[in-house]
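Structural overview
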Amino acid sequence: MRLTDLDAAGLETLLAAAVAAPSLHNTQPWHFRADPQRQVLEVHAVPERSVPLADPLGRAQHLSVGAAVFNLRIAAAHLARRAEVRLLPDPARPEVLATVRPARGADLPPSPEPDLYRAVARRHTSRMPFTGRPVPEPVVAELTAAAYAEGARLYVPDYSATRRLLRLTAVAEARTHAHPARTAETRAWITAPGTGTGYGIPVTALGPPDAAGRMPMRDFTGRAGVLRRPALPFERHAQVALLWTAYDRREDWLRAGQALQRVLLTATAHGVRTSMLHQAMEWPDLRMAARGPRRQRCHPQLLIRFGYGPDGNRTPRTFRGGPASQQ
Ligand SMILES: Cc1cc2nc3c(=O)[nH]c(=O)nc-3n(C[C@H](O)[C@H](O)[C@H](O)COP(=O)(O)O)c2cc1C
């Protein structure tokens with residue numbers, strides 16, 4: 001199967017990059033289908049890999065798929081192609097979230113930096129404590145610019161606003177913990193060593209809780225907490241950034257996902273580790289409160305924690321290479 005003259009190896013490069021994207025609970029809620037007639041790669045959402053209680057509208061699912069679309073774009077650039085992307089291309093087929101055409105040609109809009117391609121394979125979530133060494137202002141400015149370039153915004157709060165966002169996250173975490181069905185839903189995506197299906201998060205990739213109780217990391221281990229790691233002290237002054245968009249439609253979620261991935265890869269390229277705190281986004285009142293007092297047209301999408309520190313363990317993907325249609 002060839003797509004705009006890409007051979008099987010080229011297609012595999014695209015797909016391997018796409019599936020390296022982050023996704024809520026590593027659900028990998030995407031399916032790729034090459035359409036030789038229209039010469040595009042269709043990116044579908046997979047309804048069975050949704051998280052209905054935490055993500056009833058599929059907003060986080062769109063973020064995850066948007067991140068995969070960004071990776072397709074930079075993999076296309078790596079292959080000296082320009083990715084022509086259409087979001088939600090066909091109202092009659094709402095499951096097709098995007099099409100990507102890895103086109104040849106000089107008169108097309110510029111692709112994102114090919115340099116970021118190298119960061120795709122290196123990036124992964126680190127749920128470990130960071131050292132507390134501050135990420136310098138010029139790097140933070142680059143992260144902000146990365147979100148802006150994709151049509152989203154990154155709000156980097158000061159000390160007291162950071163505490164407020166972490167408090168909202170802690171409230172969300174406590175609510176989820178007190179909600180048996182939600183706790184069970186999260187727990188269902190955790191896999192024990194050797195039992196993994198390629199989806200979900202292995203226990204080895206989880207982090208410890210904060211011994212000081214300040215950093216509201218997500219507790220994936222459920223009420224019994226048998227898999228919970230011993231607590232460790234986290235950085236005293238967390239650096240976080242709130243990704244937000246001016247509107248809250250499906251296309252905004254897909255743009256936010258592309259912005260998320262551009263931010264994460266830019267951080268990775270600078271040796272900065274990242275993890276995500278999505279808990280407050282899963283409760284409408286807390287998501288609204290995360291706007292802060294003066295933000296009228298601000299729709300929070302995700303809180304990103306960043307800093308220097310240990311790598312954390314990797315989380316597998318299901319892609320084994322080769323096919324033009326991949327789920
Ligand atoms: C929309 C979204 C929300 C996420 N929320 C959380 C979260 O609340 N806590 C967390 O530890 N990881 C969160 N993650 C990270 C995923 O668990 C992670 O991307 C996935 O397990 C794949 O692992 P990797 O990022 O190491 O490749 C989130 C990722 C996305 C895309």
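An unreviewed UniProt entry lists the protein under the name Aromatic ring-opening dioxygenase LigA, with Streptomyces dysideae given as the organism.

So, about the overall build of the protein. When helices and strands are tallied, the protein shows eight helices and 10 strands. Overall, the C-alpha framework of the protein stretches about 55 × 45 × 35 Å when taken along its three principal axes. The burial tally for the protein puts 45% of its 327 residues in the buried class. Considering only contacts within the protein whose residues lie at least 6 apart along the sequence, 75% involve residues at least 24 apart.

Let us look at the sheet that holds strand β4 (residues 96–103). Sheet architecture is open: four strands sit in the order β1-β2-β4-β3, paired in antiparallel fashion. Because the sheet does not close on itself, it has two edges, and the strands there are β1 (30–35) and β3 (82–87). For this sheet, the mean inter-axis angle between neighbouring strands, taken without regard to orientation, is 25°. Here six bridges tie β3 to β4, and the two strands are oriented antiparallel to one another. Paired with Val-85 across the two strands is Val-100, which belongs to β4. Docked against the sheet, helix α1 (residues 8–19) engages β1, β2 (40–45) and β4, running at close to 160° with respect to β1.

Neighbouring the ligand are 21 residues, the closest being Pro-22, Asn-26, His-124, Thr-125 and His-278. Every element with two or more residues in the shell around the ligand is listed here: α2 (59–78) and β9 (273–277). Residue composition of the shell around the ligand, by class: nine nonpolar, 10 polar and two charged. Each of domain 1 (8–119) and domain 2 (137–307) gives at least three residues to the shell around the ligand.

Taking burial as the measure, the eight residues of β4 include six buried ones, the bulk of the element. Across four bridges, the pairing between β2 and β4 is antiparallel. Bridge assignment links His-44 to a residue of β4, and that residue is Val-96.

The next thing to look at is the packing of α2 against helix α7 (residues 250–269). Relative to each other, α2 and α7 sit at 55°, their axes nearing to 6 Å. Taken together, the axes of α2 and α7 are oblique relative to one another. Judged by the twist between their axes, the crossing of α2 over α7 is right-handed. Side by side, α2 and α7 meet where Arg-59, His-62, Leu-63, Ser-64, Val-65, Gly-66, Ala-67, Val-69, Phe-70 and Asn-71 of the first sit next to Arg-250, Trp-253, Leu-254, Arg-255, Ala-256, Gly-257, Gln-258, Leu-260, Gln-261 and Arg-262 of the second. Its residues assigned to classes, the contact of α2 with α7 comprises nine nonpolar, seven polar and four charged.

Another point: the domain arrangement of the protein. Each domain of the protein was delimited in the assignment, giving domain 1 (8–119) and domain 2 (137–307). Distance between the C-alpha centres of domain 1 and domain 2: 22 Å. Each partner contributes to the interface: domain 1 provides 30 residues, whereas domain 2 provides 28 residues. If you list the elements that add at least two residues to the side of domain 1 that touches domain 2, you get α2, β4 and α3 (116–122). Ranked by residues supplied to the side of domain 1 that touches domain 2, first place goes to α2 with 11 residues. When the residues that make up the side of domain 1 that touches domain 2 are grouped by side-chain class, the tally is 19 nonpolar, eight polar and three charged.

What counts as what
- Residues numbered from 1 in each chain as written.
- Predicted model: local features only at pLDDT ≥ 70, side-chain atom pairs only at ≥ 80, totals over all residues.
- Helix = DSSP H or I, 4+ residues; strand = E, 2+ residues; numbered from the N terminus.
- Buried ≥ 20, exposed ≤ 12 C-beta atoms within 10 Å, placed from the backbone.
- Contact = placed C-beta atoms within 7 Å.
- Pairing = 2+ DSSP bridges.
- Axes fitted to C-alpha atoms, helices over the stretch in contact; angles between N-to-C directions.
- Near = placed C-beta within 6 Å.
- Nonpolar A, V, L, I, M, F, W, Y, C, P; charged D, E, K, R; others polar.
- Domains from an automatic or database assignment.
- Parallel < 35°, antiparallel > 145°, perpendicular 65-115°, else oblique.
- Left-handed = near helix turned anticlockwise from the far one by under 90°.

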